[in-house]
Amino acid sequence: MIISFHLPKGRPGMEQWRILVLGTLRVALGADFDRIQELANEHRTLRMMLGHGTFDDKNYRLQTLRDNLKLFTPEIMDRINTEVIRSGYQLLNLESTASIQGRCDSFVLKTDVHFPTDINLLYDVMRVLFRQCVYWCQEHDLPDWRQHKHNLTEFKRQYRRIQKLRHSTSKDEKKKRAQADLICNAHQVYIDLAQKYLNRVTQSYALLISTYKVPEVLLLKMQTFLQHGDRQVDQIRRRVIEGETIPHDEKVFSLFQPHTEWISKGKAGVPVELGIRVCIVEDYHGFILHHKVMQKETDDKIAIGMVEATQAKFPAFNACSFDKGFHSKSNQSGLKEILDEVTLPKKGKLSLKDKEREYAEEFKQAKKKHSAVESAINALQVHGLSQCRDHGIDGFERYTALAVLSRDIQKVGAIKRDMERQRLAKEKKKAA
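Residues numbered from 1 in each chain as written. Predicted model: local features only at pLDDT ≥ 70, side-chain atom pairs only at ≥ 80, totals over all residues. Heavy atoms only, no water.

1. Section: the packing of aromatic side chains
At step 1: For the structure shown, the criterion picks out 14 aromatic pairs.
At step 2: Look at Phe-130 and Tyr-197: their rings are 5.3 Å apart centre to centre, the planes differ by 85°, and that puts the pair in the edge-to-face class. One end of the pair, Phe-130, is in helix α6 (residues 118–139); the other, Tyr-197, is in helix α8 (residues 173–210), and 67 residues separate them in sequence. Here Phe-130 and Tyr-197 have matching classes, each one buried.
At step 3: By way of ring pairs, the aromatic residues Tyr-123, Phe-130, Trp-145, Phe-155, Tyr-159, Tyr-190 and Tyr-197 are connected into one cluster.
At step 4: A cation over an aromatic ring shows up here: Lys-58 above the ring of Tyr-60, its NZ or CZ 5.1 Å from the ring centre. (Phe/Tyr/Trp six-rings, centres within 6.5 Å; stacked < 30°, edge-to-face > 60°. Helix = DSSP H or I, 4+ residues; strand = E, 2+ residues; numbered from the N terminus. Buried < 20%, exposed > 50% of the residue type's maximum accessible area, 1.4 Å probe, protein only. Lys NZ or Arg CZ within 6 Å of the ring centre and 35° of its normal.)

So, in structure tokens, the structure goes:
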């Protein structure tokens, strides 16, 4: 039975199979919707996969693809992925009761954001607010926005001036103080100018509600960015003018992707990554059994949950290896209760009991095999999961689930390809 999603307001729907094919293709190629539209309309083999015949003139509109490819939820794709893995196990002739061994690790999936500073975030605020006010100025006769282009150019000029300023490296204290005062004064001018325009936006906001009776729900974006602007002005004043250190919890690293986190994993050459951690469990055949988007979570908080979620899908999962980041006293004891074999190195100095456990040959062999999970992470990143192209946390989770599903489908394809090669080699050998 073919099921189609039909969107409201008469928009054309798409069959689930076509959504799955085009969605996984988009992530695997790391492509945008324009390229997917071209492939769906012009690529002969792909159109055959979608179920279109040679003389079928069905074409996909760009908006149709945008509307439909986001309809699969992470839960739906997770269920599909489980069936894909089971079909892969059948191809490998693995019994359903055979034990499954895995490796667990996390990586950072980057969000599509620029590097944040408090001054460029404030500039982002003003760009959005100016655009909003100009829009409403066209709808209603709002005062004070006739010179909006000049005002934004003036604000940007001050922003560029701050960017060009550098702290003095001179040994002369007098020169150092003079340069520091120059930087401080430039920031003061910048936030004063921002406050002037924020006050003007606030007046326009009040006028739209009181005089023009615009519903507040239509002005929600303006209200949100006014709050962003007040916060950024306050943080620049506290950091630069008053010399205060802003607590990490108060900072926002993207106005457009607010779920973005500032992550420092201590990697060589990569001091900071902007995104969200994603944890995966991979088995020894290369299938990704389970994944989790880790919002404001660290590795040691999710180890037991990852294993339990994997066992709910695959009850034969009974052994797993981790790196030191997953270590905690509760994890060491909790994992032993639900797994037959646990490879979890301990942080810090080892006791005699810990040394006996970690120097055992079985532990060392499992620890060596654990590094293979980096290959799975690299394969995900190469096939579209180095940066999330979708917006919002829902889009982030959907994009991640689709990439995992795409990778496991590729693994099933690779198994079938290898089996076909072996069959042809045997036939060739018999013929010889």
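2. Looking at unusual backbone geometry
At step 1: Located in the positive-phi region is Asn-93, a residue other than glycine, with phi close to 60°.
At step 2: Judged by relative accessible area, Asn-93 falls into the exposed class, the value being 68%.
At step 3: Notably, Asp-144 is not glycine yet its phi reads approximately 75°, a positive angle.

3. Observations concerning helix α13 (residues 361–370)
At step 1: The set of residues buried in α13 consists of Phe-363, Ala-366 and His-370. An end-on view of α13 places all buried positions within 70° of arc, on one side of the element.
At step 2: Among the structural elements, β3 (100–111), β7 (317–321), β8 (341–343), α12 (352–358) and α14 (373–385) are those in contact with the buried residues of α13. (Arc of directions from axis to C-beta. Contact = heavy atoms within 4.5 Å.)

4. Concerning the packing of α6 against α8
At step 1: Packing of α6 against α8 leaves a shortest axis separation of 11 Å and a crossing angle of 30°. As the angle between them shows, α6 and α8 are arranged roughly parallel. Along this stretch, α6 crosses α8, giving a crossing that reads as left-handed. Each of Ile-119, Leu-122, Tyr-123, Met-126, Leu-129, Phe-130, Cys-133 and Trp-136 in α6 lies in contact with α8, whose residues at this interface are His-187, Tyr-190, Ala-194, Tyr-197, Leu-198, Val-201 and Leu-208.
At step 2: Of the residues in the contact of α6 with α8, the class split is 14 nonpolar, 1 polar and no charged. (Axes fitted to C-alpha atoms, helices over the stretch in contact; angles between N-to-C directions. Parallel < 35°, antiparallel > 145°, perpendicular 65-115°, else oblique. Left-handed = near helix turned anticlockwise from the far one by under 90°. Nonpolar A, V, L, I, M, F, W, Y, C, P; charged D, E, K, R; others polar.)

5. Notes on empty space enclosed by the protein
At step 1: Within the structure shown, the criterion is met by 2 cavities of 30 Å³ or more.
At step 2: As for the largest cavity, its lining consists of Met-77, Asp-78, Asn-81, Ile-288, Leu-289, His-290, His-291, Ala-401 and Val-404.
At step 3: Secondary-structure elements contributing two or more residues to the lining of the largest cavity are α5 (74–91), β6 (288–294) and α15 (392–431).
At step 4: For the lining of the largest cavity, the leading source of residues is β6, giving 4 residues.
At step 5: Approximately 30 Å³ is the volume attributed to the second largest cavity.
At step 6: Taken together, Arg-26, Leu-69, Phe-72, Met-77, Asp-390, Arg-398, Tyr-399 and Leu-402 make up the lining of the second largest cavity.
At step 7: The greatest single-element share of the lining of the second largest cavity, amounting to 3 residues, is contributed by α15.
At step 8: Looking at the lining of the second largest cavity residue by residue, the classes come out as 5 nonpolar, no polar and 3 charged. (1 Å grid on protein atoms, 1.4 Å probe; cavity = no way out; pocket = protein on both sides within 12 Å on 5 of 7 lines; lining within 4 Å. Points joined across faces, edges and corners; volume = space filled by probe spheres on them.)

These figures capture arrangement, not role.
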